[in-house]
Every structure is written in C-alpha cells, then in structure tokens.
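Reading the structure
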Amino acid sequence: MRRTTSRRLLAAALTTVVAVVGTACSSGSGSTGAAKDADGGAYTIWDPYPQFDKSSAWAKLLDACGTKAGVKIKRTAFDTSDLANKALLAAQQRNSADVLIVDNPVVSTLAEAGVLTTTDDNKLDTSKVDPNLLAAGQSGGKTYGTPIGANTLALYYNKKVLKEAGVDISSVTDWKSLTAALAKVKKAGKKGITFSGIGTEEGSFQFLPWFWGSGAKLTQLDSPEGVSALKLWTDWLKKGYAPNSVINNTQTTSWQEFAGGDYAFAENGTWQLANAEKAGFEYGVLPIPASGGGNAAAPTGGEFVTVPVQSDAGRYATTQKLVSCLTSTENLYDTDTTLSYVAPTSEVQDKQVAANAELKPWVEAVKAAKGRTSDDLGTKYPKISEQMWKAVQSALSGSKAPKDAFTEAQAAVK
C-alpha cells in the first residue's frame, strides 16, 4: 500500500478504537508478536481474549480447528483496543494475521481502510446468521466476516424490591409503565434505577436503547424522538428515580450499586450474569422496553471473525476452513457459553435456551438488538457517538435542556 494510504488506515483505526473501547467487549492485557512464523508454516489467529491461556477451552478449540484443517495455529491475544491498532500496522506492513477476531464496531473501519476481505471473496457462509447481528459487519453493501457471538443490554430487576413496592413486573411494558413502577419503588422507600451515563462510549452504549426505543435515528440526534429519550433520563434524575451518580457511572460501578440490594432496576449486560448469581437476592431480566411498547433495539457487543487481505492469496482456502470450523453450529454453542455470549444463529440460540432457560430474555434482547455501525454508518459512528455522550452529560448535569443539548450535538456532527 502507498504510504499515504497507510497513514489514513492508522488514523481511521485510532479514531474508532478510542470511541468504542470499554463497552460490551472482552478486554485484558495480552502478548504481542509477529503475525506469521518466518517459514509461513503456521496460520496466525489474533483475538481479544487474553483471559484465556493455552490450557483454556478456547485455545484448545483453535488448535482443534487447525488440526482439522491440517495446519498448526499460532495464536496471539491482545487487549481489544491494542488489537485494532496492531491489525492496522500489520496491514501497512503486509503482514496481517490469517484470522482476525475483532470488536464489531471496528469491522467497518478496517473494511473501509482496505484491511479485510469480503465474504464474497473469502466464501464464508453467513446464511444462518441473524441479519440484525450480521449488519454490524456490513459496509457499503458488502459483508466483512461473521459474528462469533453477541451480548447486549437489558434491565435486571430485584424481585424483592418490586414485590415490597407492589409492582408486578408483567405490567412494565413501555416507558410510561416503567416510570410508574419507579414512582412506586421510591414511595416504598427504595431506589429506582441505575445505569451508566458517563461521558465515554459506555454512556452512548447505555443510552442507545432508549434513543432507538424512541424511534430516533443516529443521523438525526435532535429529532423530537431523540429529545424525548434524553428527557426520560433527565426526568428520572429530577424525580429521584435515578441517582446523580449515573453521570459518572461506568457499567461496573452502576452494577455495584444494584448489587447492594436497594435498587429495583439496573441497565446492564449479559456479562453480569455470573455476578447476578452472587448478588444474594432473587433477580429477573427484562428486555428494555421501547417508548410505545415492545422491545427496544439495544446495541450489540461481541466480536466478528474476519479474514484480512493477504499478499499470498493461496492462504485463503485454509483460512476459510479455520473460520468455518470456529463458527460451526457445534463449536458456537461451546464458545458462546465460554464467552457468556448469545449465539448469532437461531439454531444455536434455541440450544442455549434449552440448556439454560434464564437466557431466554437475553436471546429476545439480542434478536431486537442493533449494531452501532449499522445503517451503513461505518466510520461516521464514532463522531456521532461522541456528540451523543456529550449531550447526555450536559443534560444530566442540568447545564443544558435536552432539546438544546441535542441541537448543539447535531450541529457539531454536521
């Protein structure tokens, strides 16, 4: 690639990575290394799961897929943000990994930068993948990779708190009934709802279900629908249904508030299921309701398995075998159980629910979910998201009215 192209690649990746880190993806510190063995005998796989060592089920699955394809696997695990940067640098040096497993919002950036092959090129079969999940890896009418699994947001609720407040959870079907439930909880002397409204991508990630649930679109932040979503949050703070701490809450700190046992609801993700079991009280999970009823679209977290461009096209046939093995129906079930993900196909989702009925609301939430870069937003999303979280911060702090905050945000995006 030309030097000017390489610079554009790096700039694009850094912009997106800064915006999307710390939401619903796996993270940790990982090792580094060259993309390929000097002799080219191994097939390289880069992933964002440094929490899994060589003895893990995940690492063993990679090796098994390599054995099935007749090759050895050289795996390198990176922190999520570091992985995207390394992928860009490797592409500049024409030394990309054979298989790249990357956080789904980064896919469109890498694709638009020319780092990834399309599924038409690499012959990956995505026919069984739920369209709403596959959309996160689509850009310009083309598909780049396939999701390995998904997580998303829903409402955890404390059964004891709701019972003492006289709230029947089945009555919570839209914003009006949810707000009425919060009013009853407060009147009963308990706390209403906690979430993350911090001024980072985490804040946008948590606001999006309410924004999309209003019927708003990311291309028009200041629409009446979008403003109504922000007004919902600010009204909750004014009425004491949500704590002022949400302005600085991460998803971790908001969960800690809920785990204390006094809150009726907490907006959080599938990754908290293990912690929920340890909380010491009975809980339930409810998909986030849309303004007028039904399930709101929540943003998807999770990774895509992608195939980077190689100077040696002869490697693609084996790479395709590796990816097909990793994303097969049999292996997806085991992998998504390990990663606490909902599978990207209905077939495996049904198998997950059959094995664990508590996953049913999460499967429903994932089926209604939406990729942050969907609607062909691609690399436009990070800029929109930044203005969104700034507007949310302004409104929650009381420095701007919701309408004014989003009017200013939309002007900044343009």
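First, a word on scope: everything that follows refers to the structure included in this document. The shown structure was predicted, so the numbers you read here are calculated from the model rather than taken from an experiment. (Residues numbered from 1 in each chain as written. Predicted model: local features only at pLDDT ≥ 70, side-chain atom pairs only at ≥ 80, totals over all residues. Heavy atoms only, no water.)

**A few points about the overall build of the protein chain**
A tally of helices and strands in the protein chain yields 18 helices and 11 strands. Computed over its C-alpha atoms, the radius of gyration of the protein chain comes to 22 Å, within 12% of the 22 Å expected for a compact globule of 414 residues. Dimensions of the protein chain, computed from the C-alpha atoms along their principal axes, are close to 70 × 50 × 35 Å. The buried share of the protein chain, taken over its 414 residues, is 57%. (Helix = DSSP H or I, 4+ residues; strand = E, 2+ residues; numbered from the N terminus. Rg over C-alpha atoms; globule rule 2.2 N^0.38 Å. Buried < 20%, exposed > 50% of the residue type's maximum accessible area, 1.4 Å probe, protein only.)

**Comments concerning helix 11 (residues 251-259)**
Residues Gln251, Ser254, Trp255 and Phe258 constitute the buried set of helix 11. All buried residues of helix 11 fall inside an arc of 105° around its axis, so they share one side. Those residues of helix 11 hidden inside the fold are in contact with strand 7 (153-158), strand 8 (191-194), helix 9 (201-213), strand 9 (263-269) and helix 12 (273-277). For helix 11, the N-terminal cap is Thr250; the gap from its side-chain oxygen to the backbone nitrogen of Thr252 is 3.2 Å. (Arc of directions from axis to C-beta. Contact = heavy atoms within 4.5 Å. Polar contact = N/O pair within 3.5 Å; in protein donor to acceptor, adjacent residues only side chain to side chain.)

**Section: the side chain of Thr143**
By secondary structure assignment, the location of Thr143 is in strand 5 (residues 142-143). Residue class for Thr143 comes out buried when judged on its relative accessible area of 12%. Of the polar contacts made by the side chain of Thr143, one reaches the side chain of Gln138; its length is 3.1 Å. For Thr143, the residues in contact, after removing those within four places along its chain, are Thr117, Thr118, Thr119, Leu134, Gly137 and Gln138.

**Section: empty space enclosed by the protein**
If you walk through the whole model with that rule in mind, you get 2 cavities of 30 Å³ or more. Taken as a whole, the largest cavity encloses approximately 40 Å³ of empty space. In terms of lining residues, the largest cavity is bounded by Asn104, Leu133, Ala136, Pro147, Gly149, Ala150, Thr300, Gly301, Gly302, Glu303 and Phe304. Along the lines of polarity and charge, the residues of the lining of the largest cavity split into 5 nonpolar, 5 polar and 1 charged. If you add up the space inside the second largest cavity, you get close to 30 Å³. For the second largest cavity, the full set of lining residues is Trp46, Ala87, Ala90, Ser96, Ala97, Leu100, Val115 and Pro308. (1 Å grid on protein atoms, 1.4 Å probe; cavity = no way out; pocket = protein on both sides within 12 Å on 5 of 7 lines; lining within 4 Å. Points joined across faces, edges and corners; volume = space filled by probe spheres on them. Nonpolar A, V, L, I, M, F, W, Y, C, P; charged D, E, K, R; others polar.)

**Some thoughts on the nonpolar core**
Counting 54 residues, the largest nonpolar core has Phe207, Trp210, Phe211, Leu218, Trp236, Phe265 and Phe406 as its most contacted members. Breaking this core down by element, the ones donating at least two residues are strand 7, helix 7 (159-164), helix 8 (175-187), helix 9, helix 10 (224-238), strand 9, helix 17 (381-397) and helix 18 (402-413). (Core = buried A, V, L, I, M, F, W, Y, C linked by side-chain atoms within 4.5 Å.)

**A few points about the packing of aromatic side chains**
Within the structure shown, the criterion is met by 18 aromatic pairs. Ring geometry for Phe207 versus Trp233: centroids 5.1 Å apart, planes at 70°, classification edge-to-face. Of the two residues, Phe207 sits in helix 9 while Trp233 sits in helix 10, which places them 26 residues apart along the sequence. An angle of 85° between the planes, with centres 5.4 Å apart, marks the rings of Phe258 and Phe281 as edge-to-face. (Phe/Tyr/Trp six-rings, centres within 6.5 Å; stacked < 30°, edge-to-face > 60°.)

**Quick notes on the pairing of strand 11 (residues 303-306)**
Burial along strand 11 is two-sided: Glu303 and Val305 facing one way and Phe304 and Thr306 facing the other are all buried. Relative to strand 11, strand 3 (residues 99-103) runs antiparallel, the two being bridged by 4 bridges. Bridge pairing in strand 11 places Asp103 opposite Glu303. Bridging between strand 6 (residues 146-147) and strand 11 involves 2 bridges; their strand directions are antiparallel. Note that in strand 11 the partner of Thr146 across the bridge is Val305. (Pairing = 2+ DSSP bridges.)

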